[in-house]
Structures are given as structure tokens and as C-alpha cells.
Amino acid sequence: MSKFSGEIEDLPGTARMAGESMLSWLQQIEGYRGLMALVDQESGTACFVTFWEDEGAVVKTRASRSSLRDQMASMAGAEVVGTEEFVVAYSDGLE
């Protein structure tokens, strides 16, 4: 999960465009399972959560994801304020 912050007028629209632009790249990576963008307009933050088949896919793509994340933040006029990795312990509705 990567968290971004910035004074972006249309945060939901910008997050949607960023997600769509990353999608073609992500879909080419073995182990990719999904992407979710969450926004909080009040605080001016957005979180992008990517889902991966296993820890190996996460490790294998870490450097390239970091580079893409930084490029996307720069293009949107946002700042990366944090990154974290989690293991999904339970989900409903996600395959």
C-alpha cells in the first residue's frame, strides 16, 4: 500500500486516472491480482493498494513498483507519505 498526499482539486478523478494508467503495466506482471485506489478528499490523501499472488511476486516487483509510484506522484503533484506491505488474512469478495 502506498499513501499519497497533495493539494489536488479533483482527487478522485486524479486517483482514477493514475490507477488506469498503471493498470496496463501491472497486468503484465506475473502474480498481479488487483488494484484499489482509496481517497479521502477532506485530508487530501489517497492510498493505492495492489494485490499479489504471493510474497515472491511482491519482492520481485518492489523496485519497479517504487519507481512507478514515484513517477506517478510527481506527475500528479503529490508526495509519497508512506508505504507498507500487508498479508491478507481475510477477504470477502476478492479472489
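Residues numbered from 1 in each chain as written. Predicted model: local features only at pLDDT ≥ 70, side-chain atom pairs only at ≥ 80, totals over all residues. Heavy atoms only, no water.

Student: Help me understand helix 2 (residues 55-76) in this model?
Tutor: For the α-helix, the turn length of 3.6 residues means that residues three or four positions removed from each other point alike. The largest bend in helix 2 is about 55°, located at Arg-62. In this fold, the buried residues of helix 2 make contact with strand 1 (2-5), helix 1 (11-27), strand 3 (45-52) and strand 4 (79-83). Two or three places before Gly-56, at the start of helix 2, stands the capping residue Asp-54, its side-chain oxygen 3.2 Å from that residue's backbone nitrogen. A positive phi of about 75° marks Gly-77, the residue just after helix 2. (Bend = angle between axes of the 7 residues up to and from the residue. Helix = DSSP H or I, 4+ residues; strand = E, 2+ residues; numbered from the N terminus. Contact = heavy atoms within 4.5 Å. Polar contact = N/O pair within 3.5 Å; in protein donor to acceptor, adjacent residues only side chain to side chain.)

Student: Just to check I follow, could you spell out the pattern of salt bridges for this structure?
Tutor: Pairs may arise between side chains of opposite charge once their charged atoms sit close together. Enumeration according to the criterion identifies four salt bridges in this entry. Arg-65 is the partner of Glu-85 in a salt bridge, and the nearest nitrogen-oxygen pair spans 4.0 Å. Residue Glu-85 is found in the segment after strand 4, and its partner Arg-65 is found in helix 2; the two are separated by 20 residues along the sequence. One salt bridge in this structure joins Asp-70 and Arg-69, with 3.4 Å as the shortest N-O distance. Owing to a relative accessible area of 19%, Arg-69 belongs among the buried residues under this scheme. Shared partners join several salt bridges into a network, and the residues in it are Arg-62, Arg-65 and Glu-85. (Salt bridge = Lys/Arg side-chain N within 4 Å of Asp/Glu carboxyl O. Buried < 20%, exposed > 50% of the residue type's maximum accessible area, 1.4 Å probe, protein only.)

Student: I keep staring at the pairing of strand 3 and nothing clicks. Help me out?
Tutor: On a regular strand, one side chain projects to one face of the sheet and the next to the other, so that they alternate. Burial analysis of strand 3 places six of its eight residues in the buried class, which makes it a mostly covered element. The pairing of strand 1 with strand 3 spans four bridges and is classified as antiparallel. Bridge pairing links Ser-2 to Phe-48 in strand 3. Alignment of strand 2 (residues 32-40) against strand 3, held across eight bridges, turns out to be antiparallel. Bridge pairing in strand 3 links Tyr-32 to Trp-52. The antiparallel hairpin formed by strand 2 and strand 3 contains four residues in its connecting segment, where Gly-44 sits at a positive phi of about 75°. (Pairing = 2+ DSSP bridges.)

Student: Would you mind showing me how to read the environment of Val-81 here?
Tutor: For Val-81, the location among the structural elements is in strand 4. The partly exposed category is assigned to Val-81, whose relative accessible area is 44%.

Student: Would you explain the side chain of Arg-69 in this entry?
Tutor: Along the polypeptide, Arg-69 turns up in helix 2. Once you skip the residues sitting within four places of it in the chain, Arg-69 turns out to touch Ser-2, Phe-4, Val-80 and Thr-83.

Student: Would you mind showing me how to read the sheet that holds strand 1 here?
Tutor: Neighbouring strands of a sheet are bound in pairs by backbone hydrogen bonds; such pairs are parallel or else antiparallel. Across the sheet, which stays open at both edges, the four strands sit in the order 2-3-1-4 with antiparallel pairing between neighbours. At either end of the open sheet lies a strand with only one pairing partner, and these are strand 2 and strand 4. In this sheet, adjacent strand axes meet at a mean angle of 20° when their direction is disregarded. Relative to strand 4, strand 1 runs antiparallel, the two being bridged by four bridges. Across the sheet, Ser-2 pairs through a bridge with Thr-83, a residue of strand 4. In the packing of helix 1 onto the sheet, the strands contacted are strand 2 and strand 3, and the crossing angle to strand 2 comes to about 170°. Across the sheet, helix 2 touches strand 1, strand 3 and strand 4, and the angle it forms with strand 3 is around 155°. (Axes fitted to C-alpha atoms, helices over the stretch in contact; angles between N-to-C directions.)

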